[in-house]
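Remarks on the overall topology
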Amino acid sequence: MSWRTLKVALVDPRLFSGIGNAYSDEILHRARLSPVKLTSRLTPEETEALLQATKDVLTGWTERLRAEVGEGFPNEGVTAFREGMAVHGRYKQPCPDCGAPVQRIVRGDHETNYCPRCQTGGKVLADRALSKLLKADWPRTLEELEERAPRRGPER
Ligand SMILES: [Zn+2]
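Residues numbered from 1 in each chain as written. Predicted model: local features only at pLDDT ≥ 70, side-chain atom pairs only at ≥ 80, totals over all residues. Heavy atoms only, no water.

Assigned secondary structure in the chain consists of six helices and two strands. Secondary structure of the chain in N-to-C order comes out as α-α-α-β-β-α-α-α. Within the chain, the proportion of its 156 residues that are buried is 37%. Looking at the chain alone, contacts between residues at least 24 apart form 52% of all its contacts between residues at least 6 apart. Entry remark: accessible area of the chain is about 9,700 Å², with carbon and sulfur atoms responsible for 52%. (Helix = DSSP H or I, 4+ residues; strand = E, 2+ residues; numbered from the N terminus. Buried < 20%, exposed > 50% of the residue type's maximum accessible area, 1.4 Å probe, protein only. Contact = heavy atoms within 4.5 Å. Areas by Shrake-Rupley, 256 points an atom, 1.4 Å probe, with all protein chains shown as cover.)

Here the focus is helix α2 (residues 21-31). Summarising burial for α2: ten of the eleven residues are buried, a large majority. Where the residues of α2 are buried, they touch α1 (6-11), α3 (44-69), β2 (110-114) and α4 (116-119).

All told, the structure shown has five salt bridges when counted by the stated rule. Across the pair Arg-30 and Asp-56 runs a salt bridge whose closest N-O atoms are separated by 3.8 Å. Residue Arg-30 is located in helix α2, and its partner Asp-56 is located in helix α3; the two are separated by 26 residues in the primary sequence. We classify Arg-30 as partly exposed; its relative accessible area is 46%. In this structure, Lys-37 engages Glu-46 in a salt bridge whose closest nitrogen and oxygen atoms are separated by 3.5 Å. Residue Lys-37 is classed as partly exposed on the basis of its relative accessible area, which comes to 24%. (Salt bridge = Lys/Arg side-chain N within 4 Å of Asp/Glu carboxyl O.)

With that settled, consider the pairing of strand β1 (residues 103-107). Burial of β1 is one-sided: the residues Gln-103, Ile-105 and Arg-107 facing one way are buried, the residues Arg-104 and Val-106 facing the other way are not. As judged from the five bridges shared by β1 and β2, these two strands associate in the antiparallel manner. Paired with Val-106 across the bridge in β2 is Glu-111. Following β1, the chain reverses through two residues before pairing antiparallel with β2; Gly-108 in that reversal takes a positive phi of roughly 60°. (Pairing = 2+ DSSP bridges.)

The geometry of an aromatic ring pair comes down to the distance between the two centres and the angle between the two planes. Under the criterion given, the structure shown has one aromatic pair. Where Tyr-23 meets Trp-61, the ring centres are 6.1 Å apart and the plane angle is 65°; that geometry is what we call edge-to-face. You can see Tyr-23 sitting in helix α2 and its partner Trp-61 sitting in helix α3, a full 38 residues away along the chain. We note that Tyr-23, like Trp-61, is buried. We note Arg-64 situated over the ring of Trp-61; from NZ or CZ to the ring centre the distance is 4.2 Å. (Phe/Tyr/Trp six-rings, centres within 6.5 Å; stacked < 30°, edge-to-face > 60°. Lys NZ or Arg CZ within 6 Å of the ring centre and 35° of its normal.)

A separate point is the coordination of the zinc ion. Here the zinc ion is held by Cys-95 (SG), Cys-98 (SG), Cys-115 (SG) and Cys-118 (SG), and the distances to it run 2.3 to 2.4 Å. Each of the four donor atoms bound to the zinc ion contributes to angles spanning 97 to 114°, and the resulting shape is tetrahedral. Donor residues for the zinc ion sit on one chain with the sequence pattern C-x2-C-x16-C-x2-C. Taken together, the residues span a long stretch of sequence, with Cys-98 in the loop between α3 and β1 and Cys-118 in helix α4 at a distance of 20 residues. By relative accessible area, Cys-98 is classed as partly exposed at 26%. (Donors = N, O, S within 2.8 Å, 3.2 Å for Na, K, Ca; no water. Tetrahedral: all angles 85-135°; square planar, octahedral: opposite > 155°, others 65-115°.)

A separate point is α3. For an α-helix, 3.6 residues make a turn, and residues three or four places apart therefore share a direction. The end-to-end C-alpha distance of α3 is 37 Å, a good match for the 38 Å that 26 residues give at a rise of 1.5 Å each. Within α3, burial applies to Leu-50, Ala-53, Thr-54, Val-57, Trp-61 and Leu-65. On its buried face, α3 sits against α1 and α2. (Expected span 1.5 Å × (residues − 1).)

Shown next as structure tokens:
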């Protein structure tokens, strides 16, 4: 799985439980990491930043949602866009940290949002090249995702 992109790794329920599309965008923005960076290319510092950002974002949103719904259970999809997100669902709007317009990568019904200044060294990722790259990498359906679950067993 080392060839997977960060974005794909983050939304994979086999690796992280329940980080949806929206939160994965927020986490990568917080960590200042490109959604298409390959997991195998992470430096120890970047891995640390990613873990810290995951904690910060999930804790922050859990608290915010809890404050909003009180003791009730949120009846609204918590993976959807929510007011107050930094990049997710904010295509073309200014990044709250640097003001650069938020960019997007569309693949099927997934949209990945990122800030080119904070996350990709100013590079706007080419949508076409990217969808090619993600082709084999992005499960289109839940079924497909499950089919590709790794088989547990002794290493060869
Ligand atoms: Zn930014």
